[in-house]
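Architecture at a glance
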Amino acid sequence: MDQYIDIKVRVWRQAGPKAQGHFETYDLKHVFQGASFLEMIDILNEQLVAEHKDPVTYDHDCREGICGMCSMYVNGHPHGPDSAITTCQLHMRKFKDGETITVEPWRSRAFPVIKDLMVDRGAYDKIMQAGGFVSVNTGGVPDANSIPIPKPVADEAMDAASCIGCGACAAACKNGSAMLFVAAKVSQLALLPQGKIEAAARAKAMVAKMDELGFGNCTNTGACAAECPKSVSLANIARLNREFLCAKFKD
Amino acid sequence: MWLKDSSIGRKFVMSLTGLALVLFLLFHGCMNLAVVFSEEAYNMICHLLGANWYALIGTLGLAFLVLVHFCYALYLTIQNRAARGNDRYAVTGKKEGVEWESENMLVLGFCVLGFLCLHLYNFWFKMQFAEVTGIETGMFDPQNGAAYVKALFTEPVWGQVYCVLYLIWLCALWFHLNHGVWSALHTLGWNNLVWMKRIKVIGCIVATLAVLPFAIVVLYYFGMGLAML
């Protein structure tokens, strides 16, 4: 049964992108375990506002695990200790009475902190702009049944497409590599006939952008897939490697 | 050049050099195993791989592979440390399914390299090097490899110390390969959802096959040394 618990929240506070950050610990009493993690942060912020203090800045939007905005490193895990969920889907019943919960922003060179727990994840958008799309030449819409796609292929493409671009992969990676994100985006399109045409150019453009933005080199530790809130598979990285290497050898 | 400038290109070089070195280890291990069955046979192999042109080209090739693998490892690690940014996480949780060795490849690599230097001094310097240069570096004929192996590993006390050192080296090498082999295949794009588990098992088997012959030889002489005490 969910109960009311008293906790300590140790949060990273940083006034701005250039400011020196530090941890601040707050006491939070009488938190219902049925509350979501973000609701708990909201309660903390109400308390801070009542005390005339600066509330904790953090990213959030849909609060149902599909937008990928809530980027928090909770107790040493992106999106908290539970598996295959985002921070907004994390509930306080995962924590015990009297526990100190450490909340940090994503730490990666390519994701600079804007304020407190909010980081700039524009790097992922730039990678997408480099090639994460299918060029559509206007004209008649082809009949969907004229392009048959085997079920296993469609499933794999769909699983890759479940990536919400939250940045947990790069945040969890000891090498600060964005390979799982790029691999998912390349895979979801390369697997389908509509995306296959531009597959080689896409893989090259997106990998080049990823390297340019200062992400690290993948060493296949698998931390990304272990922490991914959408359980995107490591096998996608092999596909990206394959697409990229084939494209380079063709050149 | 994409082999240097792109992250997948750099990993591609790491994979290829690593896999080539694994092939060499398998080859080297099989030859070592001969000494357990017949010292004469082993010395015949030593003779074949002494100062012959193909053996020398092979040695130079191996040195080049090790050098490239080592330089790229340093280059990749420096880049990856920089990519993490200046601030480290205060708390790092255990990530499920992440092998310990995969996060410590550089450290394991340094262990392997350190012992490799000792190994080159113990054997290569006294055998192939001595034969090529004509300088007398050891107490036996450069082609009498079996005598060198026996002398090093069965000498009272020091021989047993060497055996333990070599076994530690082989352990570090096994861990390095247990991640390295499957990771190399993965980087070459040779993996998918179905093969993920299989390829890890293959990696483990290859790592064991590459290390086991060396371990058998060391244990064989360790036993012989103990019997001679």
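The structure presented is a predicted model; accordingly, all values stated were derived computationally and were not measured.

With that settled, the discussion passes to the overall build of chain A. Regarding its fold elements, chain A presents 9 helices and 7 strands. Projected onto the principal axes, the alpha-carbon positions of chain A cover approximately 60 × 40 × 35 Å. Per-residue burial over chain A gives 52% buried out of 251 residues. Contacts spanning at least 24 positions in sequence make up 69% of the contacts within chain A whose residues lie at least 6 apart. On chain A, roughly 11,100 Å² of surface is accessible, and the fraction owed to carbon and sulfur atoms is 54%. If the 27 positive side-chain charges of chain A are averaged to one point and the 29 negative ones to another, these points end up 6 Å apart.

Here the focus is unusual backbone geometry. All names here are of chain A. Despite not being glycine, H79 shows a phi value in the positive range, around 65°. With respect to the helices, strands and loops of the structure, H79 is situated in the loop between β4 (77–78) and β5 (100–104). H79 sits in the buried class, given a relative accessible area of 1%. Although it is not a glycine, S231 adopts a positive phi angle of roughly 50°. Among the secondary structure elements, S231 is positioned in the loop between α8 (223–227) and α9 (235–250).

Moving on to a nonpolar patch on the surface. A cluster of nonpolar side chains, contributed by L48, W53, Y54 and I57 of chain B, occupies part of the molecular surface with about 480 Å² of accessible area. If you trace the backbone, I57 of chain B turns up in helix α4 (residues 53–84).

Right, let's talk about the nonpolar core for a bit. Counting residues in each nonpolar core, the largest one holds 47 residues, and the members touching the most others are Y124, F215 and L240 of chain A. Contributing elements (two or more residues each) for this core: α2 (122–131), α4 (168–172), α5 (179–190), α7 (199–212) and α9 of chain A together with α2 (7–37), α8 (158–187) and α9 (195–228) of chain B. With 7 residues, the top contributor of residues to this core is α5 of chain A. Summarising the domain contributions, this core has at least three residues from each of domain 1 (4–114) and domain 2 (122–250) of chain A. One finds C46, L108, V149 and A210 of chain B within the second-largest nonpolar core, a separate group that totals 34 residues.

Turning next to the interface of chain B and chain A. Each partner contributes to the interface: chain B provides 41 residues, whereas chain A provides 50 residues. In this structure, the connection of chain B to chain A is made through 0 salt bridges. Inspection of the region where chain B meets chain A yields 25 residue pairs in polar contact (both at pLDDT 80 or more). Elements with a minimum of two residues in the side of chain B that touches chain A: α1 (2–5), α2, α4 and α8 of chain B. Split into classes, the residues belonging to the side of chain B that touches chain A amount to 14 nonpolar, 16 polar and 11 charged.

A separate point is the domain arrangement of chain A. Residue and element names in this part refer to chain A. Segmenting chain A into domains produces domain 1 (4–114) and domain 2 (122–250). At the junction of the two partners, domain 1 supplies 17 residues and domain 2 supplies 18 residues. When the two sides are added together, the surface that domain 1 and domain 2 hide from each other amounts to roughly 1,300 Å², 55% of it contributed by carbon and sulfur. Contact with domain 2 buries area across many residues of domain 1, yet P78, A110 and F111 alone supply 32% of it, more than any other trio. One can count 0 salt bridges joining domain 1 with domain 2. Linking domain 1 with domain 2 are 4 residue pairs in polar contact (both at pLDDT 80 or more), by the criterion used here.

Relative orientation and spacing of two packed helices are given, respectively, by the angle between their axes and the distance between those axes. Residue and element names in this part refer to chain A. Look at α7 against α9: their axes get within 9 Å of each other, and the N-to-C directions meet at 105°. Classed by the angle they form, the pair α7 and α9 counts as roughly perpendicular. Where α7 abuts α9, its residues A199, A200, A203, K204 and V207 lie against L240, E243, F244, A247 and K248. Residue composition of the contact of α7 with α9, by class: 7 nonpolar, no polar and 3 charged.

Attention now moves to the packing of α2 of chain B against α8 of chain B. Residues and elements named next belong to chain B. Following both chains from N to C, one finds α2 and α8 inclined at 130°, their axes separated by 9 Å at the closest point. Our classification of the angle between α2 and α8 gives oblique. Between α2 and α8 lies a crossing whose hand is left-handed. Of the residues in α8, those touching α2 at K11, F12, S15, L19, V22 and L25 are L173, L177, V181, A184, L185 and T187. For the contact of α2 with α8, a count of residues per class yields 9 nonpolar, 2 polar and 1 charged.

The subject of this paragraph is the side chain of N175 of chain A. Topologically, N175 of chain A is positioned in the loop between α4 and α5. For N175 of chain A, the side chain forms a polar contact with the main-chain oxygen of N217 of chain A, separated by 3.4 Å. In contact with N175 of chain A, not counting residues within four places along its chain, are G216, N217, C218 and T219 of chain A together with N80, A83 and R84 of chain B.

The strand order across the open sheet formed by 5 strands is β2-β1-β5-β3-β4 (chain A), and the pairing between neighbours is mixed. Across the chains shown, the open sheet's two edge strands, defined by having one partner strand only, are β2 (22–32) and β4 of chain A.

Reading guide: rules and limits
Residues numbered from 1 in each chain as written. Chains lettered and ligands numbered in written order. Predicted model: local features only at pLDDT ≥ 70, side-chain atom pairs only at ≥ 80, totals over all residues. Heavy atoms only, no water. Helix = DSSP H or I, 4+ residues; strand = E, 2+ residues; numbered from the N terminus. Buried < 20%, exposed > 50% of the residue type's maximum accessible area, 1.4 Å probe, protein only. Contact = heavy atoms within 4.5 Å. Areas by Shrake-Rupley, 256 points an atom, 1.4 Å probe, with all protein chains shown as cover. Lys, Arg positive; Asp, Glu negative; His and termini not counted. Charge placed at Lys NZ, Arg CZ, Asp CG, Glu CD. Patch = residues over 30% accessible without salt bridge, like charges linked within 9 Å, V, L, I, M, F, W, Y side chains within 5 Å. Salt bridge = Lys/Arg side-chain N within 4 Å of Asp/Glu carboxyl O. Core = buried A, V, L, I, M, F, W, Y, C linked by side-chain atoms within 4.5 Å. Domains from an automatic or database assignment. Polar contact = N/O pair within 3.5 Å; in protein donor to acceptor, adjacent residues only side chain to side chain. Nonpolar A, V, L, I, M, F, W, Y, C, P; charged D, E, K, R; others polar. Buried area = accessible area lost by both parts, 1.4 Å probe. Axes fitted to C-alpha atoms, helices over the stretch in contact; angles between N-to-C directions. Parallel < 35°, antiparallel > 145°, perpendicular 65-115°, else oblique. Left-handed = near helix turned anticlockwise from the far one by under 90°. Pairing = 2+ DSSP bridges.

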